[in-house]
Amino acid sequence: MSRAILVTGGNGQLGTELQRCAWPEGYEIVAIDVADLDLTDTAAIAAKVAEREWAAVINGAAYTAVDKAESDIVAAWAVNAMAPAAFGEACAKANIPLVQVSTDYVFAGDKQGAWEVDDPVAPLGVYGASKLGGELAVRTSGARHVIVRTAWVVSAHGSNFVKTMLRVGAERDTLTVVDDQRGSPTSAADLAGALMAITLRLIEDPAAPTGTFHFSNAGDTSWAGFAAEIFRQAADRGGATANVTPITTDQYPTPARRPANSLLSQAAIGGAYGIAPRPWQDALSDILDELIGATKA
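Numbering of residues starts from 1 in every chain and runs along the sequence as written. Restriction of local features to residues with pLDDT of at least 70 applies here, the model being predicted, together with a cutoff of 80 or more for giving and counting side-chain atom pairs; totals for whole chains, interfaces and linings are based on all residues. Remark: hydrogens and water are excluded; side-chain values derive from all non-hydrogen atoms of the structure.

### Focus on the state of the cysteines
- To count as a disulfide, a pair of cysteine sulfur atoms needs to be within 2.5 Å. Counted under the stated rule, the structure contains zero disulfides.
- For the unlinked cysteine Cys-21, the closest cysteine sulfur is that of Cys-91, found at 19 Å.
- Categorising residues by exposure relies on relative accessible area from a 1.4 Å probe, with only protein chains included: less than 20% of the type maximum marks a residue as buried, more than 50% marks it as exposed, and the intermediate range marks it as partly exposed. Cys-21 sits in the buried class, given a relative accessible area of 15%.

Put into C-alpha cells, the structure is as follows:
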C-alpha cells in the first residue's frame, strides 16, 4: 500500500508544520504549493491526484486574505470551494481519503459558548462562504473525508498575529487591539499533529470516523488578551513588549466582518479520535521559544 501523502499549502504555516511532524517510518510527505499546482485549475488538480498512488490527500491550502476576498470573490471561491470539489472528486475516483481544513468563519459568531460541529452555519463574508462551499463540495464528492475547522492559527512561520505583535511591539510602546472578538488561538504545530493522527487513522482503518470536526487549542481569550499574553511571555524571554489598549470592533473597521465568537467545541474530535488539545498559552510558549529563545532564568 502507498505511504505517500499529498499535502497542499506546503509553504504555509500548517504545511510547514505537517512536514515537521514525526510521521511513522515509511511515510512520505509530498508537500506542494502554488508554484507546483495552480489550485484554480481543476483539471491540473485531477491530474496531480492521478499521477501516482497516494495514500491520502491533506488539503491545507486556502485563499486566506479575508478582507481582500470581499472584492476578489471569484479567486476566493476558485481556491476555497472549487479546488476542494476537484480534490474530492479525484480522491473518490482513486478511493483514497481526503482531509480538508476549514474555518470558524463558516459561523456567524453570534452564539454564546463554543460552536459544535453541527451548529447552523451562516458565514458573514466571502471568505467564510467560500470555505463553506469547499466543505459542501467535499461532503458531496463521494470521497471518504474528514473536514477539520480551526481558528486563529499561529506559528513561528509565515504571517500571523504572534509575529505581527512582536514586530509592532518592537516599534511602539502601546498598541490598540480588538477586545470584543473571542476565540482560542491555535498552534499550527498542534493542528498538524491532530491532522497527522486523523490521516494515519483514515489510511490504516477503513472504519475510521469521518465527517466534520473542530480543532483549536484549549481556552478562551480575546485578541487583546492574546496580545497581552504574547507580550507577557515575550518579556520573560527578553523579547519585545508593549502595553495593550483594548478597543471594540467598531473602532477598527475592516472590509470583512469577523465572527464575534470563534470558540470551537472539541467534543466531537475528542470522542471520535481521542484528541484533547493543550491550553493555548502552552502552545504559545513553544512558538515564542522558537522565535525568541527559552525563558530567561
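### Details of the nonpolar core
- By size, the foremost hydrophobic cluster in this structure holds 30 residues, and its most contacted members are Leu-6, Leu-39, Ile-45, Trp-54, Val-57 and Phe-87.
- Of all the secondary-structure elements, those providing two or more residues to this core are strand 1 (4-8), helix 2 (42-50), helix 3 (66-69), helix 4 (73-94) and helix 5 (126-139).
- Any pair of residues with heavy atoms lying within 4.5 Å of one another is described as a contacting pair. In this view, Trp-54 contacts Ser-2, Ala-4, Ile-5, Leu-6, Val-30, Lys-48, Val-49 and Ile-96; residues no more than four positions away in its chain are not counted.
- Grouping buried Ala, Val, Leu, Ile, Met, Phe, Trp, Tyr and Cys residues that are joined through side-chain atoms within 4.5 Å yields what is termed a nonpolar core. Ile-5, Ile-58, Ala-208 and Phe-213 belong to the second largest nonpolar core, which has 29 residues in total. Helical segments are the DSSP runs of H or I of at least four residues, strand segments are the runs of E of at least two, and each set is numbered from the N terminus.

### Concerning the pairing of strand 1
- Counting buried residues along strand 1, five of its five residues qualify, which places the element largely inside the surrounding structure.
- Burial along strand 1 is two-sided: Ala-4, Leu-6 and Thr-8 and Ile-5 and Val-7, pointing in opposite directions, are all buried.
- Where strand 1 and strand 2 (residues 28-31) come together, four bridges link them in parallel fashion. Residue Ala-4 lies in a different strand from strand 2, and its bridge partner there is Glu-28.
- For the crossover from strand 1 across helix 1 (residues 13-20) to strand 2, the handedness is right-handed.
- Inspection of the sheet shows strand 1 paired to strand 3 (residues 56-59) by four bridges, in the parallel sense. What sits directly across from Thr-8, in strand 3, is Asn-59. Any two strands between which DSSP finds at least two bridges are classified as paired. Here, the term right-handed applies to a crossover whose path from the first strand over the helix to the second runs clockwise when the strands point away from the viewer.

### Side note on the packing of helix 8 (residues 223-236) against helix 10 (residues 280-291)
- One way to put it is that helix 8 packs onto helix 10 with a least axis distance of 10 Å and a crossing angle of 50 degrees. Accordingly, the angle class assigned to the pair helix 8 and helix 10 is oblique. The two elements helix 8 and helix 10 cross, and the hand of that crossing is right-handed. For the pair formed by helix 8 and helix 10, the contact residues are Gly-225, Phe-226, Glu-229, Ile-230, Gln-233 and Ala-234 on the first element and Trp-280, Gln-281, Leu-284, Ser-285 and Leu-288 on the second.
- Throughout this entry, Asp, Glu, Lys and Arg are counted as charged residues, while Ala, Val, Leu, Ile, Met, Phe, Trp, Tyr, Cys and Pro are counted as nonpolar. The remaining residues, Gly among them, count as polar. When its residues are assigned to classes, the contact of helix 8 with helix 10 shows six nonpolar, four polar and one charged. For helices, the fitted line uses only the C-alpha atoms of the stretch in contact; every axis is such a line through C-alpha atoms, and the angle between N-to-C directions lies from 0 to 180 degrees. For this classification, under 35 degrees means roughly parallel, over 145 means roughly antiparallel, 65 to 115 means roughly perpendicular, and everything else is oblique. The sense of a crossing depends on the near helix, which, turned anticlockwise from the far helix by less than a right angle, makes the crossing left-handed and, turned clockwise, makes it right-handed.

### Regarding the pattern of salt bridges
- A pair is scored as a salt bridge if a Lys or Arg side-chain nitrogen falls within 4 Å of a carboxyl oxygen belonging to Asp or Glu. Applying the stated criterion to the full structure yields 15 salt bridges.
- Asp-190 is paired through a salt bridge with Arg-278; the nearest N and O atoms lie 2.8 Å apart. Of this pair, Asp-190 sits in helix 7 (residues 188-204) while Arg-278 sits in the loop between helix 9 (267-273) and helix 10, and the two are 88 residues apart along the sequence.
- Judged by relative accessible area, Asp-190 falls into the buried class, the value being 18%.
- Here Asp-289 makes a salt bridge to Arg-237, at a shortest N to O gap of 2.9 Å. Pair noted here: Asp-289 is in helix 10 and Arg-237 is in the loop between helix 8 and strand 12 (243-247), with a separation of 52 residues, a long-range link.

### Describing the environment of Arg-52
- Along the chain, Arg-52 turns up in the loop between helix 2 and strand 3.
- The partly exposed category is assigned to Arg-52, whose relative accessible area is 35%.
- Residues Arg-52 and Ala-4 lie 48 residues apart in sequence; the distance between their C-alpha atoms is 9.0 Å.
- When near neighbours in sequence (up to four residues on either side) are disregarded, Arg-52 contacts Ala-4, Glu-28 and Val-30.

### Quick look at helix 1
- Within helix 1, six of the eight residues are buried, which leaves it mostly tucked inside the rest of the structure.
- Along helix 1, the residues that are buried comprise Gln-13, Leu-14, Gly-15, Thr-16, Glu-17 and Leu-18.
- Looking at the packing, one finds that the buried side of helix 1 touches strand 1, strand 3, strand 4 (98-103), strand 6 (153-154) and helix 7.

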